[in-house]
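Take a look at the letters that make up each chain.
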Amino acid sequence: QVQLVESGGGLVQPGGSLRLSCTVYGIMFMIDNMAWYRQAPGKEREWVAGISRGGYTNYADSVKGRFTISRDNAKNTVNLQMNSLKPEATAVYYCNRHTLPYYDWGPGTQVTVSS
């Protein structure tokens, strides 16, 4: 049984930073390509950033240059450093596999960007 546990969200002012973390339990994490997703109120869940098992990264255009995804295979974690945050980044953030089939979604972590 795979379990995804996200943390690190909170309230931050526009222009601020947050670092999200996701711990993955129950799989050989090092062999999986992982990603961060987000879902804003009233919108569909969208892909934000991905990282391959070898560390190759890619990003949605809306976050490129401001967000950085990383992973620590020894700790079974995938992280998302978010800088220069904008109000439109307000959403619940989730981690999961980069491709189908997804694992069961975790609870996510709420990020609110507001002054």
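Quick look at the structure, then. Fair warning: this is a prediction, and the values are worked out from it, not measured in the lab. (Residues numbered from 1 in each chain as written. Predicted model: local features only at pLDDT ≥ 70, side-chain atom pairs only at ≥ 80, totals over all residues. Heavy atoms only, no water.)

### As for the state of the cysteines
Covalently bonding the sulfur atom of one cysteine to the sulfur atom of another cysteine gives a disulfide. Tallying each qualifying case throughout the model produces one disulfide. The residue that forms a disulfide with C22 is C95, at a sulfur-sulfur distance of 1.7 Å. On the criterion of sequence distance, the pair formed by C22 in strand β3 (residues 18-25) and C95 in strand β9 (residues 91-97) is long-range, its members being 73 residues apart. Here C22 matches C95 in class, with each residue buried. (Disulfide = S-S within 2.5 Å. Helix = DSSP H or I, 4+ residues; strand = E, 2+ residues; numbered from the N terminus. Buried < 20%, exposed > 50% of the residue type's maximum accessible area, 1.4 Å probe, protein only.)

### As for the sheet that holds strand β1 (residues 3-7)
Read across the sheet, four strands follow the order β1-β3-β8-β7 without closing on themselves; strand pairing throughout is antiparallel. Edge positions in the sheet fall to β1 and β7 (67-72), since each has one partner strand and no second. Strand-to-strand twist across the sheet, computed as the mean angle between neighbouring axes with direction ignored, equals 15°. Note: β3 against strand β8 (residues 77-82), six bridges, orientation antiparallel. In the sheet register, S21 faces β8, and the bridge partner there is N79. (Pairing = 2+ DSSP bridges. Axes fitted to C-alpha atoms, helices over the stretch in contact; angles between N-to-C directions.)

### Describing the packing of aromatic side chains
Tallying each qualifying case throughout the model produces four aromatic pairs. Aromatic pair Y37 and Y102: ring centres 5.7 Å apart, planes at 80°, arrangement edge-to-face. Of this pair, Y37 sits in strand β4 (residues 34-39) while Y102 sits in the loop between β9 and β10 (109-113), and the two are 65 residues apart along the sequence. When its relative accessible area of 35% is taken as the criterion, Y102 is described as partly exposed. (Phe/Tyr/Trp six-rings, centres within 6.5 Å; stacked < 30°, edge-to-face > 60°.)

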